[in-house]
Amino acid sequence: VFPAVVYIKCVRESNEMGKKEAQVVGGSGVIVSPDGEVLTNWHVIDKATSVRCLLSDGRHMDAKVLGSDKDTDLAVIRLEHDGQGSLPYADLGRSVDLHEGDFVMAMGAPWGLNRSVSIGIVSCTRRYLDQISEYSLWIQTDAAINPGNSGGPLVNTVGEVIGLNARGMSGFAEGMGFAIPAETIAVLLPQLREHGHV
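About the thresholds
As a convention, each chain's residues are numbered from 1 in the sequence order in which they are written. Where local features are concerned, this predicted model is filtered to residues with pLDDT of at least 70; where side-chain atom pairs are given and counted, the filter is 80 or more; whole-chain, interface and lining totals use all residues. Hydrogens and water are ignored here; the side-chain numbers use all heavy atoms of the structure. Secondary structure follows DSSP: runs of H or I at least 4 residues long count as helices, runs of E at least 2 residues long count as strands, and numbering of each begins at the N terminus. A helix is expected to span 1.5 Å multiplied by its residue count minus one. At every residue, the bend is computed as the angle between two fitted axes, covering the seven residues ending there and the seven beginning there respectively. When a residue's accessible area, from a 1.4 Å probe over protein chains only, is under 20% of the maximum for its type it is buried; when over 50% it is exposed; and in between it is partly exposed. Working definition of a nonpolar core: buried Ala, Val, Leu, Ile, Met, Phe, Trp, Tyr and Cys residues. They are joined through side-chain atoms within 4.5 Å. The contact definition used throughout considers only heavy atoms, calling two residues in contact when any of these lie within 4.5 Å. In short, DSSP must find at least two bridges between two strands for them to pair.

> Where do I start with helix α2 (residues 182-195) in this structure?
Note on helix geometry: an α-helix contains 3.6 residues per turn, so any two residues three or four positions apart are oriented the same way. A rise of 1.5 Å per residue sets the reference length of α2, with its 14 residues, at 20 Å; its end C-alpha atoms lie 20 Å apart and thus fit the reference within 8%. Where α2 bends most, at Leu-188, the angle is about 35 degrees, and the proline Pro-190 comes one to four residues later. Buried within α2 we find Ala-182, Thr-184, Ile-185, Leu-188, Leu-189 and Leu-192. Of the residues one or two after α2, Gly-196 is the one with positive phi, at around 85 degrees.

This is the structure:
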């Protein structure tokens, strides 16, 4: 999976205090198809005017947002690939097969540190977070998920993406991170491809 992890840098426009300003935000993503579809979080690409990705082999590519969904915090973008060289990609696994205590790895770019991995266990396979998302359950893990890890893959021990890192609880609640389950992604991804929304 590691070669398929990308660092995402977005430029978004802000009009706070009546002045247009550009803000640069960073996050992570994972390539899930040979034609360069990348899964990431809605909050990573929200209001982005440009999206640029750094691949594991050092290549930089612009990307186009294909679709996003705020309620589940999921988005799919496509790399503007010139056809030179193949793209690594990862396979989605089955999050319904997870059990509490299973080992998992969280990959991404925490605090902008590209190509980082942390390890932990599944703390809860189906966690409901009140007032966060009324439509989905989350995978809870104690693998470190920090700012910048958002959109990176949560991976099982056979190298399958079983979740997408979305929320970390730092400071007051150490060892609590949450990921969008692969089963949710499998339902929403075709809709985002076809319609741009759910």
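> When you look at the nonpolar core in this model, what are you seeing that I'm missing?
In a soluble, globular protein the nonpolar side chains are often hidden away together inside. Formed by 34 residues in total, the largest nonpolar core has its most connected members in Ile-8, Leu-39, Cys-53 and Leu-79. If you tally residues by element for this core, the top one is strand β6 (residues 74-79), at five residues. Sequence-distant contacts of Ile-8, that is, excluding residues within four places in its chain, are made with Val-25, Gly-26, Gly-27, Ser-28, Gly-29, Val-38, Thr-40, Val-44, Val-51, Arg-52, Cys-53 and Ile-77. Judged by nonpolar contacts, the second largest core, of ten residues, contains Leu-98, Val-122, Leu-154 and Ala-179.

> Explain the pairing of strand β4 (residues 48-54) here, please?
Every regular strand shows the same layout, with side chains that alternate between the two sheet faces. Pairing of strand β1 (residues 5-14) with β4, which is carried by six bridges, proceeds in the antiparallel orientation. Looking at β4, one finds that Val-11 is bridged to Ser-50. Bridge analysis of β4 against strand β5 (residues 60-69) gives four bridges, and the strand direction is antiparallel. Residue pairing across strands places Cys-53 opposite Met-61, the latter belonging to β5. Two successive antiparallel strands, β4 and β5, enclose a turn made up of five residues, where Gly-58 displays a positive phi of approximately 95 degrees.

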